[in-house]
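Chain by chain, the residues run as shown.
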Amino acid sequence: MDISQKLTKKITEAKYLVEENSWRYRVIIRYFFTQYEKIKYWLYKEDIFEELKKHELFADYTMEQCKQDLDVLIKWGNLVAVQDSSKVATVEEFKNKQYRYELSEYSVEIERMTIKLENLFVEGASLEPSLLERLLEELAKFREMLTQDDRTVAVWWKNLNDDFKRLNQNYQDYIRDWYGVKAEEIMKTNQFLIYKDKLVEYFRDFVKALQRYSYMIENVITDISQDHEKIVLKKVYEHESSIVRVEEIDEKALYDNINGKWMNMKEWFLGSETRDSEAAKLFEMTNEIIRKITRYAAQIAESVNSSANRKEEYKKICNMFLECSRIEDAHKLSSYVFGIPHMKHIKGGTMRETDSINSGIFDEKPYEVKIKPRVRTYREKSQRKPIREYREEKEQLIQSIIKKREEEGKILKSYIKDGKLEFENLPIIKPHVRNTLLRWLSKAMQSSANMAKTEDGEVFRIIYPSSSERCTLECEDGIFEMPAYVLEFDTESGWYYGRDEVTA
């Protein structure tokens, strides 16, 4: 979507519909529009005032108010005023400025929209199979348009788009009504059964026509090549661009509009790679409405029949109670008809061994429930358990840890040459060795003296490399790039100072 200045600006021409004196403004604009349709474009304020005074609503209306209303409508852009100097004979008449008023283009379209809104529920939408037939006939003429002149092609293009627009709008408006709340309420009433069959027949006729003509239209559109499309659309564009208009039209926007209409028509019947065609959606929606109508009708019929049958059943039960000679027989009949009164249900959380619906309650294993007394003084007995001693397990764990650390220490000592551990000269090492070395390195770097101790108590310090000297530490699980640090260990005590600064 292209967000231009035209899209974001205010439409002041629509103000006359909502302002405080809109009842006056709308009447004036409507009178201008009726005269516009009679090809009488220019009106004087006297013409407007005389017409309004004919109605009781404007009994107290004055010429001054009329002039003010016209000025307001001119300010909003609804009217265009031009001074009429054709009959001016004196300077005084010229100073009085007799104006003629004309309806602006925006106001014409807005007034057309308001008339359509006023008749929205009078001119109801419908599903007309004839529109599909007409579309098929017009599309079948596509090849003929290759040899026709621009004017003929433009007329054909207008008829084709008008039929397609009517089909699209009518089906959307009609289907929308049947998905509304009002339709749901109507379908739940008994009066709905009267015209249910006619409604279903109406939808089925349209579905049959949709099935028949949509596939034929798809075949026609599929057979049209892209070269033929460009030729015909170019003729439509040539005719539209040749029309002389007051304002200049962007040629690219005009061609994009024509091409977009054709692509929308193709997608309506053929669909695209990512979504189904609109014809297929319409087919599904009409079938869904038929199913909904049938379902509601069946529910209404069932409720009516069930109430009638239940009435006869109640009469039969009453006669059976009257025939009971003893109260015991009446109790037995009551338990059979109405069930056991004040029944208590016990629900268990057991898992069934079978999902069979034929399995009865006596075929299942019993579920035991422990019932606790409902008194405040009740406390559950606590079970005394001796404290278990885990001395052997602790000893084994300690020995395994010591053994593991000794093995790690031997491996690490094997990398120390002449009291130094050079990361640059290390062979391929295991992940846990790498983690230990990096842990030592981190401890020493945190110290102000750059010194630290290993787990065995050996003291070492870091020798930093030059700024550009780096090395690659190869491990079994990957390669690690880092500065070429060197760890120098204390083989002879006393070579460093500040032992208290060494971190544990």
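Visitor: Is there a simple way to explain a negative patch on the surface in this structure?
Guide: On the surface, Asp418, Glu422, Glu424 and Glu469 cluster together into a negatively charged patch. Assignment of secondary structure puts glutamate 422 in strand E3 (residues 420-422).

Visitor: Mind showing me how you'd approach the pattern of salt bridges here?
Guide: Oppositely charged side chains are able to pair whenever their charged atoms sit close together. Overall, the coordinates contain 20 salt bridges when judged by the stated rule. Residues glutamate 458 and lysine 413 are paired through a salt bridge, measuring 3.8 Å at the closest nitrogen-oxygen approach. One end of the pair, glutamate 458, is in the loop between strand E4 (451-453) and strand E5 (459-463); the other, lysine 413, is in helix H15 (residues 391-413), with 45 residues separating them in the sequence. The exposure class assigned to glutamate 458 is partly exposed, which follows from its relative accessible area of 30%. On the basis of relative accessibility, which here comes to 47%, the residue lysine 413 falls in the partly exposed class.

Visitor: In this structure, what is going on with the side chain of serine 447? I would like to understand it.
Guide: By secondary structure assignment, the location of serine 447 is in the loop between helix H16 (431-446) and E4. From its side chain, serine 447 meets the backbone oxygen of methionine 451 in a polar contact 3.4 Å long.

Visitor: Even after reading the chapter, I still don't get the nonpolar core, so can you show me in this structure?
Guide: The nonpolar side chains of a soluble globular protein tend to be buried, and buried together. Within the largest apolar cluster, 41 residues are counted, with the highest numbers of intra-cluster contacts made by Trp156, Trp157, Leu160, Trp262, Trp268 and Phe269. For this core, the secondary-structure elements that each account for two or more residues are helix H7 (129-140), helix H8 (150-178), helix H10 (196-223), helix H11 (226-242), helix H12 (251-270) and helix H13 (278-322). Per-element tally for this core: the top contributor is H10, with 10 residues. If sequence neighbours within four positions are ignored, tryptophan 156 has contacts with Glu138, Lys141, Phe142, Met145 and Val232. Listed in part, the 23 residues of the second largest apolar core include Tyr415, Leu473, Ala484 and Leu487.

Visitor: Is there a simple way to think about a nonpolar patch on the surface in this case?
Guide: Together, Tyr336, Val337 and Phe338 make up an exposed nonpolar region whose accessible area comes to about 390 Å². Relative to the elements of secondary structure, valine 337 occurs in helix H14 (residues 327-338).

Visitor: Any chance you could explain the pairing of strand E8 (residues 486-489) here in plain terms?
Guide: When a strand is regular, its side chains alternate between the sheet's two faces. Burial along E8 is two-sided: Val486 and Glu488 facing one way and Leu487 and Phe489 facing the other are all buried. Note that E3 and E8 share three bridges and pair antiparallel. Considered in E8, the bridge of lysine 420 is made with glutamate 488. As paired strands, E5 and E8 are joined by four bridges and run antiparallel to one another. The residue of E8 that forms the bridge with isoleucine 463 is valine 486.

Each value, and the rule that gives it
- Residues numbered from 1 in each chain as written.
- Predicted model: local features only at pLDDT ≥ 70, side-chain atom pairs only at ≥ 80, totals over all residues.
- Heavy atoms only, no water.
- Patch = residues over 30% accessible without salt bridge, like charges linked within 9 Å, V, L, I, M, F, W, Y side chains within 5 Å.
- Areas by Shrake-Rupley, 256 points an atom, 1.4 Å probe, with all protein chains shown as cover.
- Salt bridge = Lys/Arg side-chain N within 4 Å of Asp/Glu carboxyl O.
- Lys, Arg positive; Asp, Glu negative; His and termini not counted.
- Charge placed at Lys NZ, Arg CZ, Asp CG, Glu CD.
- Helix = DSSP H or I, 4+ residues; strand = E, 2+ residues; numbered from the N terminus.
- Buried < 20%, exposed > 50% of the residue type's maximum accessible area, 1.4 Å probe, protein only.
- Polar contact = N/O pair within 3.5 Å; in protein donor to acceptor, adjacent residues only side chain to side chain.
- Core = buried A, V, L, I, M, F, W, Y, C linked by side-chain atoms within 4.5 Å.
- Contact = heavy atoms within 4.5 Å.
- Pairing = 2+ DSSP bridges.

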